[in-house]
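The chain contents come next:
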Amino acid sequence: MPAGRPGAAPFRPTTAAALAAAVVAALLVLVVPGTASAGDTTPADYQRDIFSETNHQRVLHDRHELRHQACVQRFAVRQARRMAAQERMFHQDLGPVLRHCHLSRAGENVAYGFDLGVDVVTLGWMTSPPHRANILDPAFRLLGTGARQGDDGVWYAVQVFGRHR
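Residues numbered from 1 in each chain as written. Predicted model: local features only at pLDDT ≥ 70, side-chain atom pairs only at ≥ 80, totals over all residues. Heavy atoms only, no water.

> I keep staring at the pattern of salt bridges and nothing clicks. Help me out?
Charged atoms that come close allow side chains of opposite charge to pair. All told, the structure shown has two salt bridges when counted by the stated rule. The shortest N-O distance in the salt bridge between Arg48 and Asp45 comes to 2.6 Å. A residue pair is termed a helical-turn pair when its members lie 3 or 4 positions apart in one helix, as Arg48 and Asp45 do in helix H2 (residues 43-60) at three residues. Arg105 is the salt-bridge partner of Asp137, the closest N and O atoms lying 2.5 Å from each other. (Salt bridge = Lys/Arg side-chain N within 4 Å of Asp/Glu carboxyl O. Helix = DSSP H or I, 4+ residues; strand = E, 2+ residues; numbered from the N terminus.)

> So what exactly am I meant to see when it comes to H2 here?
The end-to-end C-alpha separation of H2 is 26 Å, in line with the 26 Å expected for 18 residues at 1.5 Å each. Next to the buried residues of H2 lie strand S1 (67-68), helix H3 (70-86), helix H5 (117-124), helix H6 (129-136), strand S3 (142-149) and strand S4 (155-164). Within two residues after H2, Asp62 carries a phi angle of roughly 55°, on the positive side. (Expected span 1.5 Å × (residues − 1). Contact = heavy atoms within 4.5 Å.)

> Got a minute to help me understand the packing of H2 against H6 in this structure?
For any two helices packed against each other, one specifies the crossing angle of their axes together with the interaxial distance. Viewed as axis vectors pointing N to C, H2 and H6 meet at an angle of 85°, and their least axial separation amounts to 9 Å. Here H2 lies roughly perpendicular to H6, going by the angle between them. Contacts between H2 and H6 involve Thr54, Gln57 and Arg58 from the former and Asn134, Ile135 and Leu136 from the latter. Grouping the amino acids of the contact of H2 with H6 by side-chain chemistry returns two nonpolar, three polar and one charged. (Axes fitted to C-alpha atoms, helices over the stretch in contact; angles between N-to-C directions. Parallel < 35°, antiparallel > 145°, perpendicular 65-115°, else oblique. Nonpolar A, V, L, I, M, F, W, Y, C, P; charged D, E, K, R; others polar.)

> Which parts of the structure should I look at to understand unusual backbone geometry?
Generally, phi is negative for residues other than glycine and the peptide bonds are trans, each holding for most cases. A positive phi angle is found at Asp62, which is not glycine, with a value near 55°. In this structure, Asp62 sits in the loop between H2 and S1. Phi angles above zero are rare outside glycine, and Glu87 is one such case at about 50°.

> Just to check I follow, could you spell out the sheet that holds strand S2 (residues 103-112) for this structure?
Strand pairing in a sheet is mediated by backbone hydrogen bonds. Such pairs are either parallel or antiparallel. The strand order S1-S3-S4-S2 describes an open sheet built from four strands, whose pairing is mixed. Among the strands making up the open sheet, the edge pair consists of S1 and S2. Across two bridges, the pairing between S1 and S3 is parallel. Among the inter-strand pairings, Arg67 is bridged to a residue of S3, identified as Leu142. Contacts from H3 reach S1, S2, S3 and S4, with the element oriented near 25° to S3. Contacting S2 and S4, H6 crosses the sheet at an angle of about 135° to S2. (Pairing = 2+ DSSP bridges.)

> Is there a simple way to think about the state of the cysteines in this case?
In a disulfide, the sulfur atoms of two cysteines are held together by a covalent bond. Going through the model one piece at a time under the given rule, you end up with one disulfide. Across a sulfur-sulfur distance of 2.0 Å, Cys71 and Cys101 are joined as a disulfide pair. Given an S-S torsion of about -85°, the disulfide between Cys71 and Cys101 has left-handed geometry. One end of the pair, Cys71, is in helix H3; the other, Cys101, is in the loop between helix H4 (95-100) and S2, and 30 residues separate them in sequence. Comparing Cys71 with Cys101, the two get one shared label, buried. (Disulfide = S-S within 2.5 Å. Buried < 20%, exposed > 50% of the residue type's maximum accessible area, 1.4 Å probe, protein only.)

In structure tokens:
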């Protein structure tokens, strides 16, 4: 029988409501820009967030902002890659960093397991006295940041600090 006449299949609001909700949800995905989730984060985004949040913390504590420097950046990225490849956290020998980057002083923070670059700084390093000390050390002037994901999806993060001779 045609719909709307007696004996027709009853209208099911739950089915119609579910269909309407699915259509609205699909439209929202298409037209409403969202923020990136942790799963959408790229290594460059993660590194940039570490750099920005580190300088934010330094400003909050009356320290000079750190400058990006290509040499310490290469060592930070290399270390993040090594940790992610081995799926474990460890420090690198800072002797080569001192020599190759012509530094008088160097430091490093490493971490793993934080989904966002901001979180590794605020929830990780800033809550740990030795890591916080590196971030706020007034002698440091340079910063390189590295971040990579292991095959298991875990993020490995590195900060390499420096000061020229």
